[in-house]
Each structure stands twice: as structure tokens, then as C-alpha cells.
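Commentary on secondary and tertiary structure
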Amino acid sequence: MIYQALLTGRSSGKKSFAVLIDPDKYQPELLSRVVKLSVEACVDFFFIGGSLLINDNHDRVISHIREHCRIPVLLFPGNNLQLSNKAHGILLLSLISGRNPEMLIGRHVISAPYLKASNLEILPTGYMLIDSGSMTTVNYMSNTTPIPAGKDDIAVCTAMAGEMLGMKLIYMDAGSGAQNAVPPTMIRSVKNAIGLPLIIGGGITTPSLAKTAFDSGADMVVVGNAIEKDPSLITGIAGVRGT
Ligand code: 1GP
């Protein structure tokens with residue numbers, strides 16, 4: 001069980017690193033390189049997802065990863081069209097920072113029978129968008145307003161409510177390609193307020209930014225865009241995970 005392994009690792013201080021792959025943006029050569037570097041660096045997870053569905057690469061990308069390594073593959077879907085039985089599990093995101101009912105529960109209702117019949121491990125995830133300086137794709141696509149970057153108290157109360165509602169993970173996301181990553185003080189405040197594993201992503205472009213997120217309390221850091229541009233970053237970011 002992926003979630004149980006996460007909790008067990010966390011209790012011994014293990015931090016995780018997830019590489020986010022947007023199938024729309026990955027040609028076979030880039031995918032092979034990223035998978036190879038990820039295996040060498042002992043990356044903990046692949047997240048698969050994007051905001052659009054431009055091509056039919058989705059299942060092909062997951063199959064390639066599964067044929068070439070044992071790193072768990074988790075769906076991080078931008079919409080219902082990105083579901084696939086080929087992955088190990090799914091971050092079932094409820095966008096708790098927003099007030100768009102479709103993102104809180106609507107799409108989940110539509111997907112529920114598919115997910116129930118699948119072999120996917122379901123990871124209920126309280127998903128929080130944090131303002132990153134300019135509008136990100138996910139803000140636009142989700143039709144929600146992010147939590148302002150300086151409002152740690154709103155972030156804390158939102159994460160606490162997510163935990164009380166039974167979410168298993170909290171994911172604070174500045175959005176793909178964000179100008180500014182989630183502020184360290186906000187990560188620390190949320191970390192101190194909840195007992196759930198905390199995932200941080202969006203705008204992490206260097207090992208130093210990843211280290212700041214880990215040091216502030218992130219249990220897992222997710223990197224997408226920067227790795228697409230420079231896959232060798234995988235090695236550097238894996239190196240700051242610590243134990
Ligand atoms: C986006 O958190 C992820 O939802 C990763 O963001 O692409 O900016 O690394 P980046």
C-alpha cells in the first residue's frame with residue numbers, strides 16, 4: 001500500500017521526491033531520459049497529469065514507466081479524461097482552497113464508479129492553490145481564487161478543515177511553472193497545524209528551493225516544469241531529500 005509506506009517512511013524522517021510528468025509535453029526520448037535519471041536517483045514517485053489533453057500519450061507514458069522501473073505511478077489528474085487503470089494509484093484531489101463545487105465534489109461523483117472498479121489505490125487529497133504572483137493555468141482552468149501568499153492563517157485553517165473532513169494528504173501547490181513557490185513560512189505554519197503528510201509543488205526550479213521546502217516541513221516535493229527543461233535537475237533535487 002502506497003499510503004501506508006508513505007506513513008511508515010515519514011515516521012522515520014524520510015522525505016519524498018515526486019517527478020511530475022505531463023504526457024502532453026513528453027516525447028519518447030525525453031521520457032526515457034527522465035525515467036533513467038529517476039531510477040538512478042531513487043525518485044520516490046511519478047505523478048502523471050496536466051491541465052489539457054492535447055494528444056493520446058497518457059496511457060503510453062504510464063506503460064513506458066511501468067515497463068522500465070518499479071517507481072510507483074500516481075495519477076494527478078487535471079480532469080476526468082486523465083484517468084487510467086494502468087497507474088498504481090490516484091491523488092483524488094478535492095480543491096479545498098476554492099469554492100467551485102465541481103472541483104470539490106462534482107467530478108468525483110462522475111469518476112466514482114470507474115475508480116471503484118479499478119485497481120487504483122485512492123489517496124484522498126486536500127488540494128490547496130497558493131497565489132504565486134500571477135495567474136497560473138490551474139487557477140484559470142479550475143475557476144477558483146488561490147489563497148493569498150501572505151495569508152498563512154487561511155492556509156492553516158483550510159488544511160485543518162481538510163484533515164477533519166478525512167483527507168489523507170494535503171497538497172499545497174503554487175501552480176505549474178509558478179513565478180514564486182509556496183512561501184516557507186506558510187509551509188511551516190501548515191505543517192505545525194496538521195498531522196497529515198504535506199506535499200509541496202509549483203515553481204520549484206532548483207535543489208535549493210526544494211531544500212527550503214523540505215526544511216520548512218514538506219514531506220514530499222513535486223517538480224514538473226523545471227525537469228522537462230533540464231532533466232539533470234533530478235539528481236540534484238534527489239540529493240537534498242536527506243534521509
Ligand atoms: C504543479 O506542483 C506541480 O501542479 C509542479 O509544478 O511544474 O512548477 O514544477 P512545476
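Numbers given for residues are sequential positions, taken from 1 along each chain in its written order. Owing to the predicted nature of the model, reporting of local features is limited to residues with pLDDT of at least 70; listing and counting of side-chain atom pairs is limited to 80 or more, with chain, interface and lining totals taken over all residues. Excluded from the side-chain calculation are hydrogens and water; included are all heavy atoms of the structure.

Some words on the site of the ligand
Rules: Here a residue is considered near a molecule or strand provided that any single heavy atom belonging to it is located within 4 Å of it. We call two N or O atoms a polar contact when they sit within 3.5 Å, provided that within protein one can donate a hydrogen and the other can accept it, with sequence-adjacent residues counted only if both atoms are side-chain atoms. Shrake-Rupley sampling with a 1.4 Å probe provides the accessible areas, and residues are treated as covered by the protein chains on show and by no other component. Charged means Asp, Glu, Lys or Arg here, nonpolar means Ala, Val, Leu, Ile, Met, Phe, Trp, Tyr, Cys or Pro, and polar covers whatever is left, Gly included.
Taken together, 13 residues are adjacent to the ligand, and Asp173, Gly177, Gly203, Gly224 and Asn225 come closest. Within the contact set of the ligand, an oxygen atom lies 2.5 Å away from a side-chain nitrogen or oxygen of Asp173. At a separation of 2.9 Å, an oxygen atom of the ligand approaches a polar side-chain atom of Ser176. Look at the ligand: alone it shows 310 Å² of surface, and the protein chains cover 96% of it. Here the shell around the ligand is composed, by residue class, of 4 nonpolar, 8 polar and 1 charged.

As for the packing of aromatic side chains
Defined as follows: A pair of aromatic rings is counted whenever rings of Phe, Tyr or Trp (Trp by its six-membered ring) have centres within 6.5 Å, and the orientation is called stacked for planes under 30 degrees apart, edge-to-face for over 60 and tilted otherwise. A run of H or I in DSSP becomes a helix once it reaches four residues, and a run of E becomes a strand once it reaches two; helices and strands are each numbered from the N terminus. Exposure is judged per residue with a 1.4 Å probe applied to protein chains only, and the accessible area is read against the type maximum: over 50% gives exposed, under 20% gives buried, and values in between give partly exposed.
Enumeration according to the criterion identifies 5 aromatic pairs in this entry. Ring plane angle 40 degrees and centroid distance 6.0 Å describe the contact between Phe47 and Phe76, whose orientation is recorded as tilted. With Phe47 in strand β2 (residues 45-48) and Phe76 in the loop between β3 (73-75) and β4 (89-95), the pair connects residues that are 29 residues apart, well separated along the chain. The burial state of Phe47 is the same as that of Phe76; both residues are buried. Ring centres of Phe47 and Tyr171 lie 6.5 Å apart, and the angle between their planes is 50 degrees; this geometry places the pair in the tilted category.

What about helix α8 (residues 207-216)?
An α-helix turns once per 3.6 residues; consequently, residues spaced three or four apart project the same way. The condition is simple: In this description, contact between two residues means that some pair of their heavy atoms is separated by no more than 4.5 Å.
Regarding α8, the residues found buried are Ala210, Ala213, Phe214 and Ser216. Looking at the buried positions of α8, the neighbouring elements they touch are β1 (16-21), α7 (184-193), β7 (198-201), β8 (220-223) and α10 (233-239). Downstream of α8 by one or two residues, Gly217 has phi in the positive range, about 130 degrees.

Some details on the layout of surface pockets
Quick note on the threshold: Buriedness of a pocket was judged along seven lines, with at least five required to meet protein on both sides within 12 Å; pockets are open sets of points on a 1 Å grid over the protein atoms alone, cavities are sets where a 1.4 Å probe fits but cannot get out, and lining residues have an atom within 4 Å of a point. Grid points are joined across faces, edges and corners, and a volume is the space filled by probe spheres set on the points.
Approximately 930 Å³ is the volume found for the largest pocket. Elements with a minimum of two residues in the lining of the largest pocket: β1, β4, α4 (101-117), α5 (137-142), β6 (169-173), β8 and α9 (225-229). Looking at the lining of the largest pocket, the element that brings in the most residues is α4, giving 6 residues. A breakdown of the residues in the lining of the largest pocket according to their chemical character gives 23 nonpolar, 19 polar and 8 charged.

A few points about the environment of Gly50
For Gly50, the position within the fold is in the loop between β2 and α3 (58-68). Taking the C-alpha atoms as reference, Gly50 lies 11 Å from Leu81; in sequence the two are 31 residues apart. When residues no more than four places from it in sequence are discounted, the contact partners of Gly50 are Asp22, Phe76, Gly78 and Gln82.

Things to note about the packing of helix α6 (residues 152-164) against α7
Our working definition: Note on geometry: axes are C-alpha line fits, over the in-contact stretch for helices, and angles between N-to-C directions span 0 to 180 degrees. Put simply, a crossing is left-handed when the front helix is turned counterclockwise from the back one by less than a right angle, and right-handed when it is turned clockwise.
Packing of α6 against α7 leaves a shortest axis separation of 9 Å and a crossing angle of 35 degrees. The chirality of how α6 crosses α7 is right-handed. Judged by residue contacts, Asp152, Ala155, Val156, Ala159, Met160 and Glu163 of α6 engage Thr185, Met186, Ser189, Val190 and Ala193 from α7.

Overview of a nonpolar patch on the surface
Going by this rule: Patches here: salt-bridge-free residues with over 30% relative accessible area, like charges joined within 9 Å, nonpolar side chains (Val, Leu, Ile, Met, Phe, Trp, Tyr) joined within 5 Å. For this document, the term salt bridge refers to a Lys or Arg side-chain nitrogen within 4 Å of an Asp or Glu carboxyl oxygen.
A surface patch of nonpolar side chains, amounting to about 600 Å² of accessible area, comprises Leu52, Ile54, Met135, Tyr140 and Met141. The topology assignment puts Leu52 in the loop between β2 and α3.

Topic: the pattern of salt bridges
Scanning all chains against the criterion turns up 7 salt bridges. In this structure, the salt-bridge partner of Asp22 is Lys25, at a minimum N-O distance of 3.8 Å. A relative accessible area of 11% places Asp22 in the buried class. Lys25 gets classed as partly exposed once you look at its relative accessible area, which sits at 43%. Overlapping salt bridges bring together Arg10, Lys191 and Asp219 as one network.

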